[in-house]
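Here is what each chain is made of, one letter per residue.
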Amino acid sequence: MKIASLDLKRQYKSIQKEIDSAVLDVLASQSFVLGHYVESFEKSMANYCGAKYAIGVASGTDALLLALMACGIKSGDEVITTPFTFFATAGSIARLGALPVFVDIDPVTYNIDVNKIASVANKNTKALLPVHLFGQCAEMDTILEIARDKGLHVIEDAAQAIGALYKGKQAGTMGDIGCFSFYPSKNLGAYGDGGLVTANDDRLAALVKSLRVHGSVTRYYHEYVGINSRLDALQAVILNTKLKYLNEWSEKRRTVAAYYDEQLRETPVRLPKIMNCNTHIYHQYMIATPKRDLLKEHLSRHGIETVIYYPVPLHLQKCFEYLGYKPGDLPVSEKAANEVLAMPIFPEITREEQDYVVEQIKNFFFRK
Ligand SMILES: *Cc1c(COP(=O)(O)O)cnc(C)c1O
């Protein structure tokens, strides 16, 4: 049997008529960038998240960059974040000349270890940038408390966590700004690149809105030096169509995860754990084992595609050598990078396919 880590064709087939007709509408209108299709999606997203503002942008990376710009992050400022995340989280900080300051992660949730934040904060610290990794929220109460205490901005990287809840609150709506990605493999995926910023604060929202169109409010009059980062209408109608199904898809992912949990309990792999206060959306289902590389190879030989998120923690990336971190500095992240493996998970995966994945994992550990 061949099992892809993610099969997007099944989802497209299930909603093809709706998607195709929405795309044809945009083609007929010849209105491609921002405009009413984008505004309508922004409204849906603001509603979905329960945020006052939702602002469509060109990618999740740009959402982070614009959020940091709106918070006034500039050269020499420090932003505290996690090293165990996709590169964009820290890349966007560095792009502004600011310094990413990495704090090690919690070994159970893989999210930033909130007990280690306060000790690295100093007079240059301007913001906290937690990531809700794999679809589970970071410990926001403590993060918000530290931020309040020290007068810091909080920007949530919710790229992997759309629809995830922390104490009943939506990911991306608890800090000053929330950042979302619609990269095709995300739980709400576009058919190309796309991203979105959420905010409740009038001033920050207005800034992001202006910064995405080169810092202008009135066309050709520029108050700030912004960037070109707009969501296009084709992506907006596709996303608006898919958003109606998102909760149903998240529920299916939870069912898939529960089945893996149950079937893998007797194996030596560490399973994902959820904090009691969280509702997980299982963007990824991560297992962990010191035998990770051999297991991955075994699964691959039997047609099962798995992915390592992430093989190199950001503090050890070549491009961040100038920050001065060395191996051993953030041991929990380094261990995770050596041991985690993402299992195939998507709403349409079948029981038979899951059974086969489980069988092959059991074969690896128990039958040699
Ligand atoms: C995907 C992702 C991003 C970047 O999103 P793009 O749309 O690919 O630019 C940022 N942070 C995290 C945690 C992500 O998973």
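Keep in mind the model is a prediction, meaning the values are calculated, not measured.

## What to know about the domain arrangement of the protein chain
And step 1. As far as domains go, the protein chain holds domain 1 (8-104 + 111-243) and domain 2 (246-366).
And step 2. Computed from C-alpha atoms alone, the centre-to-centre distance between domain 1 and domain 2 is 24 Å.
And step 3. Approximately 3,300 Å² of surface area, both sides summed, lies buried where domain 1 meets domain 2, with 61% of it carried by carbon and sulfur atoms.
And step 4. Summed over the shared surface of domain 1 and domain 2, the result is 1 salt bridge.
And step 5. Across the pair R10 and E353 runs a salt bridge whose closest N-O atoms are separated by 2.7 Å.
And step 6. At the boundary of domain 1 and domain 2, one finds 22 residue pairs in polar contact (both at pLDDT 80 or more).
And step 7. Mapped onto the side of domain 1 that touches domain 2, the elements with two or more residues apiece are α1 (8-14), α5 (88-95), β3 (99-102), β6 (165-166) and α8 (233-243).
And step 8. Among the elements that line the side of domain 1 that touches domain 2, the one with the most residues is β3, at 4 residues.
And step 9. Taken together, the residues that form the side of domain 1 that touches domain 2 break down as 23 nonpolar, 10 polar and 6 charged.

## So, the site of the ligand
And step 1. The immediate surroundings of the ligand are formed by 15 residues, with G60, T61, D157, S181 and K186 found nearest.
And step 2. Here a nitrogen atom of the ligand and a side-chain polar atom of D157 are 2.7 Å apart.
And step 3. In this structure, an oxygen atom belonging to the ligand sits 2.8 Å away from a side-chain N or O atom of Q160.
And step 4. Contact with the protein chains covers 92% of the free accessible surface of the ligand, which is 380 Å².
And step 5. Taken together, the elements giving at least two residues each to the shell around the ligand come down to α4 (60-70) and α5.
And step 6. Here the element with the most residues in the shell around the ligand is α4; it accounts for 3 residues.

Cut-offs applied
Residues numbered from 1 in each chain as written. Predicted model: local features only at pLDDT ≥ 70, side-chain atom pairs only at ≥ 80, totals over all residues. Heavy atoms only, no water. Domains from an automatic or database assignment. Buried area = accessible area lost by both parts, 1.4 Å probe. Salt bridge = Lys/Arg side-chain N within 4 Å of Asp/Glu carboxyl O. Polar contact = N/O pair within 3.5 Å; in protein donor to acceptor, adjacent residues only side chain to side chain. Helix = DSSP H or I, 4+ residues; strand = E, 2+ residues; numbered from the N terminus. Nonpolar A, V, L, I, M, F, W, Y, C, P; charged D, E, K, R; others polar. Near = heavy atom within 4 Å. Areas by Shrake-Rupley, 256 points an atom, 1.4 Å probe, with all protein chains shown as cover.

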